[in-house]
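Reading the structure
Below are the chains, spelled out letter by letter.
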Amino acid sequence: MGNGDPGPERVKKVDLVLEGGGVKNIALLGAVTVLAEAGYTFPRVAGTSGGAIIAAGVAAYQKAGRDLGDLLDVSLRVDNSKFLDWRRRGRVAGPVSGAADLLRRGGLHSGDYLYEFLGPALEDVGVRTFADLRIDDDPGSSLAEHQQYSLVIHVADLTHQVLVRLPWDYPLYDRAADEQPIADAVRASMSIPFFFRPVTVETHHGAATWVDGGLLSNYPITVFDRTDGQPARWPTWGVKVSTSPPHGEDRPVNSALRLGIRCLATITGDWYRSSLGADTAGRRTIQVDTSEVPSTKFNVDNRARLRLFENGRAAASAFLERLPPG
């Protein structure tokens with residue numbers, strides 16, 4: 001578990017943090033494959049939203065000893081346009097059903113297509129619940145026993161207005177962490193407000209509502225940082241796919257309707273755009289150029305997705321070239 005910059009010693013273990021980015025997540029995979037080809041392994045992987053999908057695949061394939069490059073074929077077989085399916089068919093009935101679901105259930109689309117590809121992809125390598133990704137022996141870690149997992153998924157809890165880190169926080173919701181399906185956690189993490197239906201979690205005290213973790217921590221680069229003041233055993237590196245904000249004409253948002261629309265656009269866009277510069281987080285971040293594709297353009301074709309994948313590879317290669325020799 002690490003919290004420092006890439007140091008002078010080129011260790012081959014790094015904890016990995018993947019930013020949320022919707023359909024841009026294939027760019028994250030491109031970066032990860034370059035790191036893996038360079039000989040790096042990832043004791044822990046964390047992700048939010050689209051980054052959670054890739055993080056789950058990386059953790060599962062690594063546990064099974066599979067080539068992480070195989071995840072590209074899995075990703076390209078995903079039909080992202082199915083995320084846009086309406087509950088009812090038809091040019092008119094479909095959008096009407098979506099509007100009704102938005103009012104009644106909080107989201108235009110179900111988001112449940114995720115289960116059709118992620119669940120089988122994980123089970124194909126023998127991974128289904130968080131128990132399959134538990135770390136049994138981890139000497140020198142500063143994490144508590146209930147945090148000993150190789151995957152962490154970030155979710156926003158609207159009921160309690162807090163960030164939830166799964167599987168770490170499942171006991172707070174009366175659930176045994178080991179028994180929870182990984183696909184359920186990822187489904188909650190990618191629940192873009194208003195776009196996908198939120199996830200309801202039943203508890204002994206009622207129910208909690210979970211949505212996209214990007215509302216509170218789209219790029220949780222500090223999740224694996226040590227908490228005991230001891231030196232990091234190895235670094236934590238992150239991959240970001242958010243873009244810089246446009247610098248056009250400045251216009252105020254001065255009506256309730258426009259304010260609501262702009263809030264929705266901000267939530268569903270690349271809101272985490274701050275320049276990391278040369279600070280600690282910046283020095284351990286792989287920044288991928290994904291400006292050509294909006295996060296919610298779910299009908300993006302495979303040609304564009306492969307460009308994103310290659311952009312991720314190029315960014316990771318440049319990052320490795322900047323590392324001190326050793």
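The notes below deal with the structure included here.

Rules of the game
- Residues numbered from 1 in each chain as written.
- Predicted model: local features only at pLDDT ≥ 70, side-chain atom pairs only at ≥ 80, totals over all residues.
- Heavy atoms only, no water.
- Helix = DSSP H or I, 4+ residues; strand = E, 2+ residues; numbered from the N terminus.
- Buried < 20%, exposed > 50% of the residue type's maximum accessible area, 1.4 Å probe, protein only.
- Contact = heavy atoms within 4.5 Å.
- Areas by Shrake-Rupley, 256 points an atom, 1.4 Å probe, with all protein chains shown as cover.
- Phe/Tyr/Trp six-rings, centres within 6.5 Å; stacked < 30°, edge-to-face > 60°.
- Pairing = 2+ DSSP bridges.
- 1 Å grid on protein atoms, 1.4 Å probe; cavity = no way out; pocket = protein on both sides within 12 Å on 5 of 7 lines; lining within 4 Å.
- Points joined across faces, edges and corners; volume = space filled by probe spheres on them.
- Nonpolar A, V, L, I, M, F, W, Y, C, P; charged D, E, K, R; others polar.
- Expected span 1.5 Å × (residues − 1).

Notes on the overall build of the protein
- On a plain count of helices and strands, the protein comes out with ten helices and ten strands.
- Looking at the protein as a whole, 50% of its 326 residues are labelled buried.
- Long-range pairs, those at least 24 residues apart, make up 76% of the contacts in the protein with a sequence separation of at least 6.
- Accessible surface for the protein amounts to roughly 15,400 Å². Of this, 51% is attributable to carbon and sulfur atoms.

Topic: the packing of aromatic side chains
- Taken as a whole and assessed by the stated rule, the structure comprises eleven aromatic pairs.
- When the centroid spacing of 5.0 Å and the interplanar angle of 55° are considered together, the rings of Tyr-40 and Trp-237 count as tilted. Placement of Tyr-40 in the loop between α1 (25-37) and β2 (45-48) and of Trp-237 in strand β9 (residues 236-240) is noted, with a sequence separation of 197 residues between them. Trp-237 shares its class with Tyr-40; the two are buried.
- Centroid distance Phe-195 to Phe-196: 5.0 Å. Interplanar angle 90°. Geometry classified as edge-to-face.
- By relative accessible area, which is 16% here, Phe-195 ends up buried.
- Classification of Phe-196 as buried rests on a relative accessible area of 2%.

Focus: the pairing of strand β8 (residues 206-212)
- Pairing between strand β4 (residues 151-157) and β8: three bridges, direction antiparallel. The partner of Ala-156 across the bridge, within β8, is Val-211.
- The turn joining strand β7 (residues 199-203) and β8, which pair antiparallel and follow one another in sequence, is formed by two residues.

Looking at the layout of surface pockets
- Its boundaries defined by the atoms lining it, the second largest pocket holds a volume of some 250 Å³.
- Contributing to the lining of the second largest pocket are 15 residues, with Phe-42, Pro-43, Arg-44, Ile-135 and Ser-150 lying nearest its centre.
- Classifying every residue of the lining of the second largest pocket by side-chain character gives six nonpolar, three polar and six charged.

Focus: α1
- With 13 residues, α1 extends 19 Å between its outermost C-alpha atoms, agreeing within 8% with the 18 Å of an ideal straight helix rising 1.5 Å per residue.
- Most of α1 is tucked away: eleven of the 13 residues are buried.
- Burial in α1 covers these residues: Asn-25, Ile-26, Ala-27, Leu-28, Leu-29, Gly-30, Ala-31, Val-32, Thr-33, Val-34 and Leu-35.
- For α1, the secondary structure elements touched by its buried residues are β1 (15-18), α2 (50-63), α3 (71-76), β9, β10 (285-287) and α10 (302-322).

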